[in-house]
Amino acid sequence: MAAPRDAESQKADIRKDVQNYYGQVLKTSKDLQTNACVTVARPVPKHIREALQNVHEEVTLRYYGCGLVIPECLENCWILDLGSGSGRDCYALSQLVGEKGHVTGIDMTEGQVEVAKKYLDYHMEKYGFQTSNVTFIHGYIEKLAEAGIQNESYDIVISNCVINLVPDKEQVLQEVYRVLKHGGELYFSDVYASLELPEEIKTHKVLWGECLGGALYWKDLFFLAQKIGFCPPRLVTANLITIQNKELERIIGDCRFVSATFRLFKLPNTGPTERCQTIYNGGITGHEKQLIFDANFIFKEGEIVEVDEDTAAVLKNSRFAQDFLFRPIGDKLPASGGCFVLESKDIITDPFKLAEDSNKKPKCASSVAGGCCGKKRSC
């Protein structure tokens, strides 16, 4: 019986170290020792840039995420932010869901939650809302039930570079699955490793705080998703992480790390879904003409796109269903654009491959933003 107690004790120590790192060691994003939290992502729509600019400066300065976790089609949604920190993403999302929607942030670092709560009235007044549509909870993301979060109560769960800080990733994902409604989505950015991490990395306090020591081997995400009941993870963006510390580089050795955003959907059990043709109707706020769904699918308004079974199931059984037309393959669809036919070999699931491919393409620094980049440093 000693082993379980030892395991729990080790988890408690990790929580304490992480709380200290984010509550005491890090004062602003400039104190970080890797670029895990300053990776670039795809272009940010104007309405999201404006929402982020409306967030109070102190909230933004105390933000340590590793990607931009604001998905599409958010009006009136109920959203849960795991590891909400100082509340930057929550306050940005609160504008996008509107007064009929709601955003809940949960974080285990009391100091961060205090910063977030400090500006509830400020943001309510700035947005012109009659009442605040944001709630912050001090608690653990792997223990959502203890925090009072009910079954099937949220449309979307987001997480920005936080799941890697929790020793038991499976427990986190199980809790997310529990609180999501059918058709709901976990849209999250996190750090992944190119291999199973050795103990020297997994037990290093600074590497844990920098989001590397607890990074999941990327292939294990697919295993856990299938085990819990999610659809296969959908890769959205990925960027390689560089280390800005010689001593940490020595410890890491041959292991590589990547910051990647994935989408995980909890769908109702409606039986098998066949490949089909789709047409995006357009009109989603900020994505009226084009919806970049993930690294594999870009839907342009009026254009026929053939999708695989998994993608068809997601689009038909989630909040995106009303934004698409669906027809069996072979049927003629009224479309103003061309036709894109899917080939299985084109599907990208490896975040390291996507990151490497992305590095070969030119980037415009002024048109992209990562979780910690422009929104923490006003770039």
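In what follows, the structure referred to is the one given above.
If you're wondering where the values come from, they're calculated on a predicted model, not measured in any experiment.

What counts and what doesn't
Residues numbered from 1 in each chain as written. Predicted model: local features only at pLDDT ≥ 70, side-chain atom pairs only at ≥ 80, totals over all residues. Heavy atoms only, no water. Axes fitted to C-alpha atoms, helices over the stretch in contact; angles between N-to-C directions. Helix = DSSP H or I, 4+ residues; strand = E, 2+ residues; numbered from the N terminus. Parallel < 35°, antiparallel > 145°, perpendicular 65-115°, else oblique. Left-handed = near helix turned anticlockwise from the far one by under 90°. Contact = heavy atoms within 4.5 Å. Nonpolar A, V, L, I, M, F, W, Y, C, P; charged D, E, K, R; others polar. Buried < 20%, exposed > 50% of the residue type's maximum accessible area, 1.4 Å probe, protein only. Core = buried A, V, L, I, M, F, W, Y, C linked by side-chain atoms within 4.5 Å. Phe/Tyr/Trp six-rings, centres within 6.5 Å; stacked < 30°, edge-to-face > 60°. Lys NZ or Arg CZ within 6 Å of the ring centre and 35° of its normal. Pairing = 2+ DSSP bridges. Right-handed = clockwise from strand over helix to strand, strands pointing away.

J.: Describe the packing of helix 7 (residues 169–179) against helix 10 (residues 218–228), listing the residues and the values that go with them.
T.: Where helix 7 meets helix 10, the closest approach of the two axes is 10 Å, and the angle between their N-to-C directions is 45°. Classed by the angle they form, the pair helix 7 and helix 10 counts as oblique. Where helix 7 crosses over helix 10, the handedness of that crossing is right-handed. Between helix 7, through Lys169, Glu170, Leu173, Gln174 and Tyr177, and helix 10, the contact on the second element is made entirely by Leu221, Leu224, Lys227 and Ile228. Class assignment of the residues belonging to the contact of helix 7 with helix 10 gives a composition of 5 nonpolar, 1 polar and 3 charged.

J.: Could you give me a rundown of helix 4 (residues 88–97), with the residues and numbers involved?
T.: Among the 10 residues of helix 4, 9 are classified as buried, and the element is accordingly described as predominantly covered. Gly98 lies just past helix 4 and shows a positive phi near 80°.

J.: Just give me the short version of the nonpolar core, but keep the residues and values in it.
T.: One finds Leu80, Leu82 and Tyr192 to be the most contacted residues of the largest nonpolar core, which totals 38 residues. Top element by residues in this core is helix 10. It accounts for 5 residues. For Leu80, the residues in contact, after removing those within four places along its chain, are Thr104, Ile106, Leu144, Ile149, Tyr154, Ile156, Val157, Ile158 and Val179. In this structure, Val69, Tyr127, Phe136 and Ile156 belong to the second largest nonpolar core, which totals 32 residues.

J.: Which residues make up the packing of aromatic side chains, and what values do they have?
T.: The full count for this structure, using the stated rule, is 15 aromatic pairs. Measuring from ring centre to ring centre gives 5.5 Å for Tyr192 and Phe262, while their planes differ by 80°; the resulting arrangement is edge-to-face. Of this pair, Tyr192 sits in strand 5 (residues 180–193) while Phe262 sits in strand 8 (residues 257–266), placing them 70 residues apart in sequence. Accessibility assignment for this pair places Tyr192 and Phe262 in one class, buried. Each ring, one from Phe222 and one from Phe262, has its centre 6.0 Å from the other, and the planes form 85°; the classification is edge-to-face. Highlighted residues: Phe222 in helix 10 and Phe262 in strand 8, separated in sequence by 40 residues. The structure contains a cluster of three or more aromatic residues connected by ring pairs, namely Phe265, Tyr280, Phe293, Phe297, Phe299, Phe320, Phe324 and Phe326. If you follow Arg88 out to its NZ or CZ, it ends over the ring of Tyr63, 3.9 Å from the centre. Here the basic side chain of Arg263 rests over the ring of Phe293, its NZ or CZ set 4.4 Å away from the ring centre.

J.: Lay out the pairing of strand 9 (residues 276–280) with the relevant residues and their values.
T.: Burial analysis of strand 9 places 5 of its 5 residues in the buried class, which makes it a mostly covered element. What you see with strand 9 is no split at all: Cys276, Thr278 and Tyr280 on one side and Gln277 and Ile279 on the other are buried throughout. Pairing of strand 9 with strand 12 (residues 304–307), which is carried by 4 bridges, proceeds in the antiparallel orientation. Bridge assignment links Ile279 to a residue of strand 12, and that residue is Ile304.

J.: How would you summarise the pairing of strand 2 (residues 102–107) if you had to cite specific residues and measurements?
T.: Across the 6 residues that make up strand 2, a large majority, 6, are buried. Covered by surrounding structure in strand 2 are His102, Thr104 and Ile106 together with Val103, Gly105 and Asp107, the residues of both alternating faces. Two elements, strand 1 (residues 78–82) and strand 2, share 5 bridges in a ladder whose sense is parallel. Note on strand 2: the bridge partner recorded for Leu80 is Thr104. In terms of handedness, the path from strand 1 via helix 4 over to strand 2 forms a crossover that is right-handed.

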